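Remarks on the overall topology
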Amino acid sequence: MSIKSTMLIDKNFTVSEVDPRLYGSFIEHLGRAVYGGIYEPGHPTADENGFRRDALDAIRALNVPIIRYPGGNFVSGYNWEDGVGPKSERKRLLELAWWTTETNEIGTNEFADWAKLVGAEVMMAVNLGTRGIDAARNLVEYCNHPSGSYWSDLRISHGYKEPHRFKTWCLGNEMDGPWQIGAKTAVEYGRLANETAKAMRWVDPSLELVACGSSSSGMSTFADWEATVLDLTYDQVDFLSLHTYYNNNSNDTPNFLARSLDMDQFIDSVASICDYVKAKKRSKKKLMLSLDEWNVWNSIGSSRAEERWQIAPPEFEDVYTLEDALAVGCFLITLLKHADRVKMACIAQLINVIAPITTENGGPLWLQTTYYPYLHASLYGRGTVLQPIVSSPKYDAKDFTDVPYLEAIAVHNEEQGQVTVFAVNRHLSEDMELKVDVRSFGELRLIEHLVLENDDLKAINTKANPNNVVPRAGGQSVIDGGQVSARLGKASWNVIRLQVAGSRG
Ligand code: AHR
């Protein structure tokens, strides 16, 4: 038995160019993300600076364009000055966001070095929890001012002659959350963010600034928070942040796989609030969205480490299943559908902490199931998003009605002459016959049809069995007369890569 779906794409029906920063990620001083993840002096693969080469390779392969740093909740108690200068003089401090001991071995300069090695920009966050305007503008001066001032010369004295030129900056993190060090009301935060933004821009007018939206759409202050914060910051910021995590802790997979409809709604709602404030202010500026924390997070809500003040204890080391990978695939497709408005997004996080990559201290690295949809979207989802017309049978789930079994989008990379269809079959027991009308592209050739699937929805990759859930080429797709006929296995992630005849590639 199989179900049938259709999709029509036309090269002239476009959503938007994809901003490569849609495939960003996040590394926080939390758990073993930094210490044991990207940095482990003494590890057999460590380079001369203590960076794990196995992690560098796995992250380079993802072609991550931008990485948010240093938090997260961590940033709201962080004194950036503690993380620069000679390592031997750095303080060990009690870290209040996660109740650990921060050694400060890695700070701004080391992270900038590491980001360069993986070819990513840094999305810096400033502390608007315990600190404010002064620390933020000094940090911009330290990082971005060429020379001739106290903070820029201090950077030079620390061995960094060239400024880091960080362009994208977050004005705090989740400042609406009671768990946040120095949490604020929307008015308190909006005023502080606006004044901090002004000062940061006076140091470096080229900055792009992100104001904190709600820490989730489930917050009781959601929507009012956005409207108030934007009312107070609209002219000074370029982006509003959205954070959203999902889990399948109730073990209801059809409902879980429908969660991308919630993300879709969340994005629409926040875009509407931005446009409401735009209208109210008679502004010409259209605010863009930064979904700078999103992922599946099954261990969410579990408390911080039981034993306080450990150094880099394992925290939130979720082990992802095939169904988690399918959900991540649906989220990536949803982000692409909103590429006209969502210009930055960060899968949270990148390594060890709710992450697609896992390492063992002193041991190997392996890739989780969720690594693969992220890899495919980052590699093949660049170019112009096409507006598809999709027809698919639907189902009702606990929290959603009319959930299409087919979640799909297409991206046209004109430069490479390639069209890529990303598709999830949400049906858990039936394959799907998908017909894609691609006539507008003329002659196309199938490059490959990648598939991620497994008979067991709960299948995982482990140290002992790292290749249990990996994509295979060889999905069933044929092209004939301007139509792609593909078979999408039940509960599968599919990437159908097509080459336009006569183009290079
Ligand atoms: O990504 C983990 C945490 O989730 C971040 O520190 C925080 O911003 C969010 O609540």
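Structure first, text after, so check above.
The structure presented is a predicted model; accordingly, all values stated were derived computationally and were not measured. (Residues numbered from 1 in each chain as written. Predicted model: local features only at pLDDT ≥ 70, side-chain atom pairs only at ≥ 80, totals over all residues. Heavy atoms only, no water.)

Remarks on the packing of aromatic side chains
We describe a pair of aromatic rings using the distance from one ring centre to the other and the angle between the two ring planes. The following threshold applies: Working definition: rings of Phe, Tyr and Trp (its six-membered ring) pair if their centres are within 6.5 Å, and the pair is stacked with planes under 30 degrees apart, edge-to-face with planes over 60 apart, and tilted otherwise. For the purposes of this entry, the term helix denotes a DSSP run of H or I that reaches at least four residues, the term strand denotes a run of E that reaches at least two, and both are numbered from the N terminus. Burial classes follow relative accessibility: with a 1.4 Å probe on protein chains only, a residue under 20% of its type's maximum area counts as buried, one over 50% as exposed, and anything between as partly exposed. The rule is short: NZ of Lys or CZ of Arg within 6 Å of the ring centre and within 35 degrees of the ring normal puts a charge over the ring.
Tallying each qualifying case throughout the model produces 19 aromatic pairs. Judged by centre distance (5.6 Å) and plane angle (75°), the rings of W98 and F316 are edge-to-face. In this pair, W98 sits in the loop between β5 (93-95) and β6 (100-102) while F316 sits in the loop between β11 (288-296) and α9 (322-337), placing the two residues 218 residues apart along the sequence. An identical accessibility class is assigned to W98 and F316; each is buried. Taking the centre distance of 5.4 Å and the plane angle of 35° together, the rings of F111 and W114 count as tilted. In this pair, F111 and W114 are both assigned in helix α2 (residues 108-118), 3 residues apart and thus about one turn of the helix distant. For the residue pair F111 and W114, the accessibility class agrees, reading buried in each case. One Lys or Arg, R68, reaches over the ring of F26 and ends 4.7 Å from the middle of that ring.

Re the layout of surface pockets
Our working rule: In this analysis the probe radius is 1.4 Å and the grid spacing 1 Å, with only protein atoms considered; a cavity is a set of points the probe fits into but cannot get out of, a pocket is an open set with protein on both sides within 12 Å along at least five of seven lines, and lining residues have an atom within 4 Å of a point. Grid points are joined across faces, edges and corners, and a volume is the space filled by probe spheres set on the points.
By volume, the largest pocket is sized at about 490 Å³. For the largest pocket, the lining is made up of 31 residues, of which N73, E174, W179, W297 and I300 are closest to its centre. Breaking the lining of the largest pocket down by element, the ones donating at least two residues are β10 (239-246) and α8 (259-280). It is β10 that contributes the most residues to the lining of the largest pocket, 4 residues altogether. Space inside the second largest pocket adds up to approximately 170 Å³. Lining the second largest pocket are 13 residues; nearest its centre among them are G77, Y78, L93, L94 and E95.

Regarding the pattern of salt bridges
The criterion, for reference: Salt bridges are defined as contacts in which a side-chain nitrogen from Lys or Arg sits within 4 Å of a carboxyl oxygen from Asp or Glu.
Inspection of the entire model under this criterion finds 32 salt bridges. Note that E317 and R32 form a salt bridge whose closest N and O atoms lie 2.8 Å from each other. Here E317, found in the loop between β11 and α9, pairs with R32, found in the loop between β3 (24-26) and α1 (53-62); they are 285 residues apart in sequence, far enough to count as distant. For E317, a relative accessible area of 29% puts it in the partly exposed group. Overall, the relative accessible area of 7% leaves R32 in the buried class. Put simply, E407 and R426 hold a salt bridge, and the shortest N to O gap is 2.5 Å. Taken as a pair, E407 in strand β19 (residues 406-413) and R426 in the loop between β20 (418-425) and β21 (431-437) lie far apart in primary sequence, 19 residues in all. Across the pair, R426 and E407 agree in class, each one buried.

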